[in-house]
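Chain by chain, the residues:
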Amino acid sequence: MSAIPKNIEPYETACEQCENTLALEVGQEKLCILKEELAACQAAQAKGQHYKDLFDLAPDGYLVTDSQGVIQEANRAAATLLNVSQEFLAGKPLVIFVAEQQRRLFHAKLTRRMRLSNSVQEWDVLLVPCDREPINASARVTLMRDREGKPVALGWLLRDISDRKQAELALRKRKRLIQQIANTTPNLIYIFDLKQKRNIYINRQAYPCFGYTPSQIQAMGSTFFTEIFHPDCLPKLAEIKNRFATVKDGEVLEHEFFIKNIYGEWRWFHSWDIIFTRNADGTPEQILGTAIDITDRKQAEEISLDLERDKEISQLQNRFFTMASHDFRSPLSAILASAQLLENANEELTKEKRLRNIQRIQASAKTMTQLLDDILTINRADTGKLEFDPKLIDLKNICRALVKKAEIAAASNYRINFRSEGKCKIAYMDDKLLQKILENLLANAIKYSPQGGNIDFTIVCEPAEGSVAGMATFRISDRGIGIPPKDRKYLFEAFHRGKNVGTIPGSGLGLTVVKKCLELHGGSIAVESEEGIGTTFTVTIPSSPASF
């Protein structure tokens, strides 16, 4: 007891001061906590208001309902969508805005939504806004839970999809229309995928065309082509594929194919193809095509060609018999008359008259021989039996001999001017066929220049352009009657003669013979003519062995 101080008042005062200081510190700490809680509350309220503003100003309709679908909260877009005020929506069942025929389905989906845990459910629904026409909407529903995980409400996102539905309906109508057109058209329509190498679409005409159903053709894949296309058409298919690499959009490629149907019949088809789609790099991806069976048309064309050929043969025969009856009768009559004269008045005729009749017989016989020779030459050429025996010949000497022969046969009022240019001494040709060519051209130049005059005969020998092979060009010009323009396209047809020849004799076979002999040489012929002025024939023939 002696250790306790007698005066304890100072200690009591100190304790009181400590208690006051502690209480003040506790109060300040509580005040700070209250301030922090107040700031947090104000921040939460601001954040809540921010979210409320976002909720209210969202462009899509947002609703919050209880588990029974009664609206608790709605934003402005939802009120606008349903054509009512936000205040009116609160407490109203959402189902009253659903079309009556869909309400049972709506309740079923709502019940199912409450049984599901986390997934979001979405479906299309027909809504009936107040005093407006029904609209198509998309409903997206999410289950909302409290902190303990218990379902407390449903969040709805409603979006007007009327425009989308109309666009889908229009698209379905277009697709249906296109499908109806594709199914009812008599044409075959197909889409071919270049990468898959098969038809990914083909319309119903596949069956009447090929005997295969569309599904069978698609199942055949790339073997479709090797199974039904004629082997001769397969290289063309590869060529078409390569062509599409450079084809422009909208450019149409046309082709004809020989195809075997399921019954083993070969049919002709005409196709029209365009690029349907392209890959990202611009290369063709799919081909859209249509085709028709043209077998009947092909057969009709063949029949027509046969009839035309028969008609041409008939006309050729008529021309031949007309020509033969005239051209054979004239020299035969001359031969017969001269022979009778020699027989009946042989002693009375002078030596000169007997010689003249004998020469007339010889000339007539020569004319008939030439006519028969021309006919045989044409026939052998048409049947591939005309001999072609090229060898080295003296071209210049042959031409000079032909000129001399033609001058002897012609009257004295004709002059043939022969000229050669280049190295024309040696050439590689069939001399017999060459003589037929030049003799006929020179004879025509003289025959169709009835008034006489100059005939120009020029030969030019030079290497062919871009080649070491030699070429010989023969040019024969006259100042005769010329060839009417309408007759020029028939010049090389057998028995055809110009309308302006009048009484000038001829068979119409000379130029046909020239053409046939030129074809064996690989040569060509061109003509320039003006009626009443004259005609020039230009013949070009390879003249060296390297040309054959």
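Residues numbered from 1 in each chain as written. Predicted model: local features only at pLDDT ≥ 70, side-chain atom pairs only at ≥ 80, totals over all residues. Heavy atoms only, no water.

Take a nonpolar patch on the surface next. Together, Tyr207, Ile262 and Tyr263 give the surface a local cluster of nonpolar side chains, amounting to about 350 Å² of exposed area. Following the sequence through the fold, Tyr207 ends up in helix α6 (residues 206-210). (Patch = residues over 30% accessible without salt bridge, like charges linked within 9 Å, V, L, I, M, F, W, Y side chains within 5 Å. Areas by Shrake-Rupley, 256 points an atom, 1.4 Å probe, with all protein chains shown as cover. Salt bridge = Lys/Arg side-chain N within 4 Å of Asp/Glu carboxyl O. Helix = DSSP H or I, 4+ residues; strand = E, 2+ residues; numbered from the N terminus.)

Of all hydrophobic cores here, the largest spans 45 residues; its most connected members are Leu395, Met429, Leu438, Phe457 and Phe474. It is helix α14 (residues 431-447) that provides the largest number of residues to this core, a total of 8 residues. Each residue touching Leu395, except ones within four places of it in the same chain, is listed here: Cys424, Lys425, Ala427, Met429, Leu434, Ile459, Cys461, Ala472 and Phe474. Counting residues in each nonpolar core, the second largest holds 27 residues, with Tyr212, Met220, Phe225 and Phe229 among its members. (Core = buried A, V, L, I, M, F, W, Y, C linked by side-chain atoms within 4.5 Å. Buried < 20%, exposed > 50% of the residue type's maximum accessible area, 1.4 Å probe, protein only. Contact = heavy atoms within 4.5 Å.)

Take the pattern of salt bridges next. For the structure shown, the criterion picks out 16 salt bridges. Of the charged contacts in the structure, one is a salt bridge between Asp60 and Arg159, with a shortest N-O distance of 2.6 Å. Taken together, the residues Asp60 in the loop between α1 (9-57) and β1 (61-65) and Arg159 in strand β5 (residues 151-160) connect sequence positions 99 residues apart. Residue class for Asp60 comes out buried when judged on its relative accessible area of 17%. With a shortest N-O distance of 3.4 Å, Glu256 and Arg297 are connected by a salt bridge. Of this pair, Glu256 sits in strand β8 (residues 253-260) while Arg297 sits in helix α10 (residues 295-327), placing them 41 residues apart in sequence. By relative accessible area, Glu256 is classed as partly exposed at 22%.

On to the confidence of the model for the protein chain. Predicted confidence across the protein chain gives a mean pLDDT of 82, with 81% of residues reaching 70 or more. When the elements of the protein chain are averaged for pLDDT, α1 gives the smallest value, 62, and strand β17 (residues 534-542) the largest, 94. (pLDDT = per-residue confidence, 0-100.)

Further remarks concern the state of the cysteines. A complete count under the given rule lists 1 disulfide for this structure. Shown here is the disulfide that connects Cys424 with Cys461, its sulfur atoms set 2.1 Å apart. Note on the Cys424 and Cys461 pair: the S-S dihedral is about 120 degrees, so by sign convention the disulfide is right-handed. Of this pair, Cys424 sits in the loop between β12 (414-422) and β13 (426-429) while Cys461 sits in strand β14 (residues 453-463); the two residues are 37 residues apart in sequence, bridging distant segments of the chain. The pair Cys424 / Cys461 is uniform in exposure class, with both members buried. (Disulfide = S-S within 2.5 Å.)

Before going further, it helps to spend a moment on empty space enclosed by the protein. One pass over the full model with this rule turns up 1 cavity of 30 Å³ or more. Of the pockets and cavities examined, the largest cavity occupies roughly 30 Å³. Forming the walls of the largest cavity are Gln102, Leu105, Phe106, Lys109, Trp123, Asp124 and Val125. Those elements giving two or more residues to the lining of the largest cavity turn out to be α4 (103-115) and β3 (121-127). The class makeup of the residues in the lining of the largest cavity is 4 nonpolar, 1 polar and 2 charged. (1 Å grid on protein atoms, 1.4 Å probe; cavity = no way out; pocket = protein on both sides within 12 Å on 5 of 7 lines; lining within 4 Å. Points joined across faces, edges and corners; volume = space filled by probe spheres on them. Nonpolar A, V, L, I, M, F, W, Y, C, P; charged D, E, K, R; others polar.)

Within the fold, Ala472 resides in strand β15 (residues 470-477). By relative accessible area, which is 0% here, Ala472 ends up buried. Considering only alpha carbons, one finds Ala472 and Lys423, 49 residues apart in sequence, at a separation of 9.5 Å. With residues near it in sequence (within four places) discarded, Ala472 still touches Leu395, Met429, Val460, Cys461, Val539, Thr540, Ile541 and Ser543.

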